[in-house]
Amino acid sequence: VGLGVYANVFATVEGSARDTAARVAEINEAVFVTCITGRAGLLLEVRCEDNAHLIEVMDRLRTTPGIVDFDNLTVIEYRKAGTSGIAAELFGEPIEPRVPVPARADHPLDEIDLKLIRDLMADGRVTYADLSPRVGLSQAGVRARVQRLLDENIVVIQATSTAGALGLAAFSAVRLSVQGPVGPIADKLYAMPEFTVVALTNGSYDLAGEVWCRDNAHLLDTLDTVRSLEGVGSLVSNTYLEIEKEEYRLG
């Protein structure tokens, strides 16, 4: 959908982190904003079209009142992004979510497809009748378009749950410096159900992730397991205190 550059930004805050988070949340490209423990104060995920777009967003952050500095970790590759692991551990049975794939080179997406995807991202249960006037097609035409997106696995529609509904109460961002190859460590983090995100990054750390845990004791056990992995040089953990924004729809 035209977004090819992602970054995790750890912003150092002067004054109220909560007030600064509210200002940062007004930036459309900042899809996730949370107050965290540690020196930084704020963590945000930024999604941009390209590097030039990312530079523009970073310039806006530099002029945001309350932000005095930030550490930008640009994502090279997402090795994992999803909550199926921790959900499977909680419910005692394997969960294999469907994963979308890119459109075929011989059948690229057009502007109508992209409009439909944007609306489905906002509401996966939106009706064909509602979609029809938005894209200028009949209901039958919309149905055919959406069915093609589903059949080719370009779009998957599935339910998601809040962490609270799963009985989880401890969440943390994790940053790692690695001694040696990064891939094997990323694979080990992928296999840990508590990691909902594992990203190979470019910047002051080699890997960034997010962990979901039942409580602080579970979080401590998880971090100790990571520290004991051969090849992990250093680990920084920032616990989430309050999520200001979590909004992944486009437009």
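Below or above, wherever it landed, is the structure these notes cover.

About the thresholds
- Residues numbered from 1 in each chain as written.
- Predicted model: local features only at pLDDT ≥ 70, side-chain atom pairs only at ≥ 80, totals over all residues.
- Heavy atoms only, no water.
- Helix = DSSP H or I, 4+ residues; strand = E, 2+ residues; numbered from the N terminus.
- Rg over C-alpha atoms; globule rule 2.2 N^0.38 Å.
- Buried < 20%, exposed > 50% of the residue type's maximum accessible area, 1.4 Å probe, protein only.
- Contact = heavy atoms within 4.5 Å.
- Areas by Shrake-Rupley, 256 points an atom, 1.4 Å probe, with all protein chains shown as cover.
- Phe/Tyr/Trp six-rings, centres within 6.5 Å; stacked < 30°, edge-to-face > 60°.
- 1 Å grid on protein atoms, 1.4 Å probe; cavity = no way out; pocket = protein on both sides within 12 Å on 5 of 7 lines; lining within 4 Å.
- Points joined across faces, edges and corners; volume = space filled by probe spheres on them.
- Pairing = 2+ DSSP bridges.
- Core = buried A, V, L, I, M, F, W, Y, C linked by side-chain atoms within 4.5 Å.
- Axes fitted to C-alpha atoms, helices over the stretch in contact; angles between N-to-C directions.
- Parallel < 35°, antiparallel > 145°, perpendicular 65-115°, else oblique.
- Salt bridge = Lys/Arg side-chain N within 4 Å of Asp/Glu carboxyl O.
- Arc of directions from axis to C-beta.

## Considerations on the overall build of the protein chain
Helices and strands together make up the secondary structure of the protein chain, namely 8 helices and 8 strands. For a compact globule of 251 residues, the expected C-alpha radius of gyration is about 18 Å, and the protein chain comes in at 19 Å, within 12% of that figure. Evaluated residue by residue, the protein chain yields a buried proportion of 41% over its 251 residues. Taking the intrachain contacts of the protein chain between residues at least 6 apart in sequence as the baseline, contacts between residues at least 24 apart amount to 73%. Here the protein chain has roughly 13100 Å² of accessible surface; of this, 50% comes from carbon and sulfur atoms.

## Digging into the packing of aromatic side chains
Evaluation of the coordinates by the stated rule reveals 3 aromatic pairs. Note on Y6 and Y78: the rings are 5.8 Å apart at their centroids and 85° apart in plane angle, and the pair reads as edge-to-face. On the criterion of sequence distance, the pair formed by Y6 in strand β1 (residues 5-13) and Y78 in strand β4 (residues 67-81) is long-range, its members being 72 residues apart. Relative to Y240, the ring of F32 lies with its centre 5.7 Å away and its plane at 50°, an arrangement referred to as tilted. With F32 in strand β2 (residues 30-36) and Y240 in strand β8 (residues 232-246), this residue pair connects regions lying 208 residues apart in the sequence. Given a relative accessible area of 5%, F32 falls into the buried group.

## Re empty space enclosed by the protein
One pass over the full model with this rule turns up 1 cavity of 30 Å³ or more. Roughly 30 Å³ of volume is contained in the largest cavity. Lining the largest cavity are V174, L176, L189, F195, V197, V198, L207, A208 and G209.

## A short note on the pairing of β8
Here β2 runs beside β8; their pairing, made up of 5 bridges, is antiparallel. The partner of T34 across the bridge, within β8, is I243. As defined by bridge partners, strand β5 (residues 170-178) adjoins β8 across 7 bridges and the pair is classed as antiparallel. Residue pairing for β8: V174 is matched across the bridge by S237.

## Focus on the nonpolar core
In terms of nonpolar packing, the biggest core is built from 21 residues, with V9, V24, L44, V46, M58 and L61 touching the most fellow members. Of all the secondary structure elements, the ones that give two or more residues to this core are β1, α1 (17-24), β2, β3 (41-48), α2 (51-62) and β4. For this core, the leading source of residues is β1, giving 5 residues. If sequence neighbours within four positions are ignored, V46 has contacts with V5, Y6, A7, V9, E29, L54, V57 and M58. Membership of the second largest hydrophobic core comes to 20 residues, among which are L219, L223, V226 and V232.

## What about the packing of helix α4 (residues 111-122) against helix α6 (residues 139-151)?
Taken N-terminus to C-terminus, the directions of α4 and α6 make an angle of 80°; their axes are 11 Å apart at the nearest point. Looking at the two axes, α4 sits roughly perpendicular to α6. Contact residues: I112, D113, L116, I117 and L120 in α4; V142, R145, V146, R148 and L149 in α6.

## Concerning unusual backbone geometry
Non-glycine residue N153 carries a positive phi angle of around 65°. Residue position: N153 is located in the loop between α6 and β5.

## Here we look at the pattern of salt bridges
If you walk through the whole model with that rule in mind, you get 16 salt bridges. Here D106 and R104 are joined by a salt bridge, their closest N and O atoms 2.9 Å apart. Accessibility expressed as a relative area gives 42% for R104, which makes it partly exposed. Among the salt bridges present, the one from R104 reaches E152, with a minimum N-O distance of 3.2 Å. A residue pair is termed long-range when its members are at least 10 positions apart, and R104 in the loop between α3 (84-91) and α4 and E152 in the loop between α6 and β5 qualify at 48 residues. One network of salt bridges, in which partners are shared, links R104, D106, D110, D113, R145, R148 and E152.

## Focus on the sheet that holds strand β6 (residues 195-202)
Taken in spatial order, the 8 strands close into a barrel running β1-β3-β2-β8-β5-β7-β6-β4, and their pairing is antiparallel. Each adjacent strand pair in this sheet contributes to an overall mean axis angle of 35°, direction not counted. Packed on one face of the sheet, helix α7 (residues 183-191) meets β4, β5, β6, β7 (207-213) and β8 and runs near 80° to β4.

## Topic: α7
Inspection of α7 places I185, A186 and L189 among the buried residues, and these make up the whole buried set. The buried residues of α7 occupy an angular sector of 100° when the element is viewed end-on, so they sit on one face.

Scope: geometric values only; no functional claims are made or implied.
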